[in-house]
Amino acid sequence: KAGVTQTPRYLIKTRGQQVTLSCSPISGHRSVSWYQQTPGQGLQFLFEYFSETQRNKGNFPGRFSGRQFSNSRSEMNVSTLELGDSALYLCASSFGLATDTQYFGPGTRLTVL
Amino acid sequence: SQQGEEDPQALSIQEGENATMNCSYKTSINNLQWYRQNSGRGLVHLILIRSNEREKHSGRLRVTLDTSKKSSSLLITASRAADTASYFCATGMYSGGGADGLTFGKGTHLIIQP
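So, here's what we can say about the structure. (Residues numbered from 1 in each chain as written. Chains lettered and ligands numbered in written order. Predicted model: local features only at pLDDT ≥ 70, side-chain atom pairs only at ≥ 80, totals over all residues. Heavy atoms only, no water.)

Side note on the packing of aromatic side chains
Put simply, the rule is: Stacked, edge-to-face and tilted are the three classes for Phe, Tyr and Trp ring pairs, Trp counted by its six-membered ring, which pair at centre distances within 6.5 Å; planes under 30 degrees apart are stacked, over 60 edge-to-face, the rest tilted. Numbered from the N terminus, helices here are DSSP runs of H or I no shorter than four residues, and strands are runs of E no shorter than two. Relative accessibility decides the category of a residue: with a 1.4 Å probe and only protein chains considered, values under 20% of the type maximum give buried, values over 50% give exposed, and everything between is partly exposed. Comment: the charge-over-ring label is applied if NZ (Lys) or CZ (Arg) is within 6 Å of the ring centre and within 35 degrees of the ring normal.
Scanning all chains against the criterion turns up 8 aromatic pairs over all chains. When the centroid spacing of 5.7 Å and the interplanar angle of 50° are considered together, the rings of Tyr35 of chain A and Phe104 of chain A count as tilted. Of this pair, Tyr35 of chain A sits in strand E4 (residues 31-38) while Phe104 of chain A is found in strand E10 (residues 103-104), placing the two residues 69 residues apart along the sequence. Ring geometry for Phe104 of chain A against Phe104 of chain B: centres 6.3 Å apart, planes inclined by 75°, an arrangement best described as edge-to-face. In this pair, Phe104 of chain A sits in strand E10 while Phe104 of chain B sits in strand E10 (residues 103-104), so the two residues belong to two different chains. The exposure class assigned to Phe104 of chain A is buried, which follows from its relative accessible area of 11%. Taken together, the aromatic side chains of Tyr35, Phe45 and Phe104 of chain A together with Tyr35 and Phe104 of chain B make up a single cluster linked through ring pairs. We note Arg55 of chain A situated over the ring of Phe50 of chain A; from NZ or CZ to the ring centre the distance is 4.1 Å.

In structure tokens form, the structure reads like this:
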């Protein structure tokens with residue numbers, strides 16, 4: 001069974017731009033979660049989608065949004081990029097809850113200049 | 001904010017030795033999980049222990065959980081060079097309140113010297 005895939009793997013943007021990241025979960029997994037990893041704050045939960053609905057949300061500003069499609073693929077969007085948004089964005093999928101075992105993708109490394 | 005805090009932050013041992021890392025957390029949990037990350041890549045799930053379990057094994061891994069002390073430990077026996085990685089504990093607590101997600105600690109960086 002193929003693992004979680006994320007595209008693109010690397011991205012460079014400038015302040016003020018917006019960006020969209022994509023994630024394809026493991027086949028059969030309906031829960032997709034997104035995490036941000038930075039050296040200062042570590043791994044932080046952004047949000048979780050299940051059956052095309054945002055089921056859980058972490059403590060991030062509204063510039064961070066996402067969506068999920070009927071095939072469980074998910075996208076994450078960050079608008080009006082700030083320097084502090086530079087991070088590794090990790091997508092994870094699971095069969096059940098956002099607090100169950102998560103299967104992570106390789107991540108998208110976003111650099112904001 | 002971080003729920004889990006790993007200790008030590010970094011650990012360097014010789015190949016073949018055992019490595020122990022600890023995790024402390026602050027609130028009630030349903031489960032505690034350990035993940036491994038190599039060189040800033042995606043995380044790999046190692047083991048999940050539920051709040052009503054005290055010890056769990058998986059291959060060379062042994063995890064203990066003490067809910068009264070709000071702490072867990074991960075033991076890797078007979079370490080190998082390939083075990084060099086960062087190890088994270090993550091706590092899961094299902095509340096149904098719309099903010100459920102795993103809460104990660106900052107990790108222990110483990111280096112296995114050949």
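Considerations on the pairing of strand E11 (residues 108-112) of chain A
All names here are of chain A. Just so we agree on the cut-off: Two strands are said to pair when DSSP picks up at least two bridges between them.
Only one face of E11 is buried, namely the one carrying Thr108, Leu110 and Val112, since none of Arg109 and Thr111 on the opposite face is buried. Of the pairings in the sheet, the one linking strand E2 (residues 10-13) to E11 comprises 4 bridges and is parallel in character. Each bridged residue has a counterpart across the sheet, and for Lys13 the counterpart in E11 is Val112. Looking at chain direction, strand E9 (residues 87-94) and E11 are connected through 3 bridges and run antiparallel. For Leu88, the partnering residue across the bridge sits in E11 and is Arg109.

Thoughts on the sheet that holds strand E3 (residues 19-24) of chain A
Backbone-to-backbone hydrogen bonds join strands into a sheet, with any given pair of strands oriented parallel or antiparallel. Residues and elements named next belong to chain A. This is how the line gets drawn: Between N-to-C directions, angles span 0 to 180 degrees; the directions come from axes that are lines fitted to C-alpha atoms, helices contributing only their stretch in contact.
Taken together, 4 strands build an open sheet; the order of strands is E1-E3-E8-E7 and the sheet is antiparallel. Since the sheet does not close on itself, it has two edges, and those belong to strand E1 (5-7) and strand E7 (64-68), each with one partner. Each neighbouring strand pair of the sheet contributes to a mean axis angle of 20°, computed without reference to strand direction. The sheet contact formed by E1 and E3 spans 3 bridges and is antiparallel.

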